[in-house]
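Per-entry structural report
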Amino acid sequence: MGNIPANHNSQELAAMVTSKLPGVGIKDCWNYAHEGDGLTLYLDYTLFESGYLSHDESQFRKRIFFKSALFKKVPDMVEKIINEVVNKGGKVVFTNYNILKEYDGIALKLRYPA
């Protein structure tokens, strides 16, 4: 895991992240990470988000509006994504607060162009 220095230019980061069509936001990042497509996960070090996964973990929902036996609550979805990326050979880079604001705090550089 690495860190981006405080003086890192957000435009440089944007160019670095978008060079291989990233997943942006928690849902896209989960889908790509779960499929094993994640090369580098960039994430705001303050990001915390819970969510719901289907039992086979193929579907993610930020919220569900009715109690469903099809989904289980995941208290820390960010940790789950980190583990998924690292376990499949990717790496994680933590960024300073708000550098990834336009990406909802999380972006995933892909191994292969989409």
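1. Some points on unusual backbone geometry
For Asn98, which is not glycine, the phi torsion reads 75° and is therefore positive. Within the secondary structure layout, Asn98 lies in the loop between β7 (91-95) and β8 (106-110). In this model, Asp104 sits at a positive phi of 60°, which is unusual for a non-glycine residue. Overall, the relative accessible area of 56% leaves Asp104 in the exposed class.

2. Some points on the packing of helix α2 (residues 25-34) against helix α3 (residues 77-87)
Packing of α2 against α3 brings their axes to within 9 Å, and their N-to-C directions diverge by 30°. In terms of axis orientation, α2 runs roughly parallel to α3. Crossing of α2 against α3: the hand is left-handed. Residues Ile26, Cys29, Trp30, Ala33 and His34 of α2 lie in contact with α3, whose contacting residues are Met77, Val78, Lys80, Ile81, Glu84 and Val85. Here the contact of α2 with α3 is built from residues that sort into 8 nonpolar, 1 polar and 2 charged.

3. Overview of the confidence of the model for the protein chain
Low-confidence regions, as indicated by low pLDDT, have predicted coordinates that should not be scrutinised in detail. When pLDDT is averaged across the protein chain, the result is 82; 79% of the residues are at 70 or more. α3 holds the highest mean pLDDT among the elements of the protein chain, 95, whereas strand β1 (residues 2-3) holds the lowest, 48. This stretch, residues 2-7, has a pLDDT under 50; its non-local contacts, to residues over four places away or in other chains, come to 13 contacts.

4. Some thoughts on the side chain of Glu57
Position of Glu57 among the secondary structure elements: in the loop between β4 (51-54) and β5 (60-61). A distance of 3.4 Å separates the side chain of Glu57 from the side chain of Lys72, its partner in a polar contact. Here Glu57 is in contact with Trp30, His34, Lys72 and Lys80, once residues within four sequence places are set aside.

5. Comments concerning the sheet that holds β4
With respect to topology, 3 strands assemble into an open sheet ordered β5-β4-β6, the strand pairing being antiparallel. Edge positions in the sheet fall to β5 and β6 (71-74), since each has one partner strand and no second. Sheet strands in contact with α3 are β4, β5 and β6, and its direction is about 50° off that of β4.

6. Brief notes about the pattern of salt bridges
The tally for this structure, following the rule as stated, stands at 4 salt bridges. Lys72 is the salt-bridge partner of Glu57, the closest N and O atoms lying 3.4 Å from each other. Taken together, the residues span a long stretch of sequence, with Glu57 in the loop between β4 and β5 and Lys72 in strand β6 at a distance of 15 residues. For Glu84, the salt bridge is made with Lys88, and the minimal N-O distance between the two is 2.9 Å. The class for Glu84 is buried, based on a relative accessible area of 13%. Salt bridges here are not isolated pairs; linked through shared partners, they connect Glu57, Lys72 and Lys80.

Conventions we followed
Residues numbered from 1 in each chain as written. Predicted model: local features only at pLDDT ≥ 70, side-chain atom pairs only at ≥ 80, totals over all residues. Heavy atoms only, no water. Helix = DSSP H or I, 4+ residues; strand = E, 2+ residues; numbered from the N terminus. Buried < 20%, exposed > 50% of the residue type's maximum accessible area, 1.4 Å probe, protein only. Axes fitted to C-alpha atoms, helices over the stretch in contact; angles between N-to-C directions. Parallel < 35°, antiparallel > 145°, perpendicular 65-115°, else oblique. Left-handed = near helix turned anticlockwise from the far one by under 90°. Contact = heavy atoms within 4.5 Å. Nonpolar A, V, L, I, M, F, W, Y, C, P; charged D, E, K, R; others polar. pLDDT = per-residue confidence, 0-100. Polar contact = N/O pair within 3.5 Å; in protein donor to acceptor, adjacent residues only side chain to side chain. Pairing = 2+ DSSP bridges. Salt bridge = Lys/Arg side-chain N within 4 Å of Asp/Glu carboxyl O.

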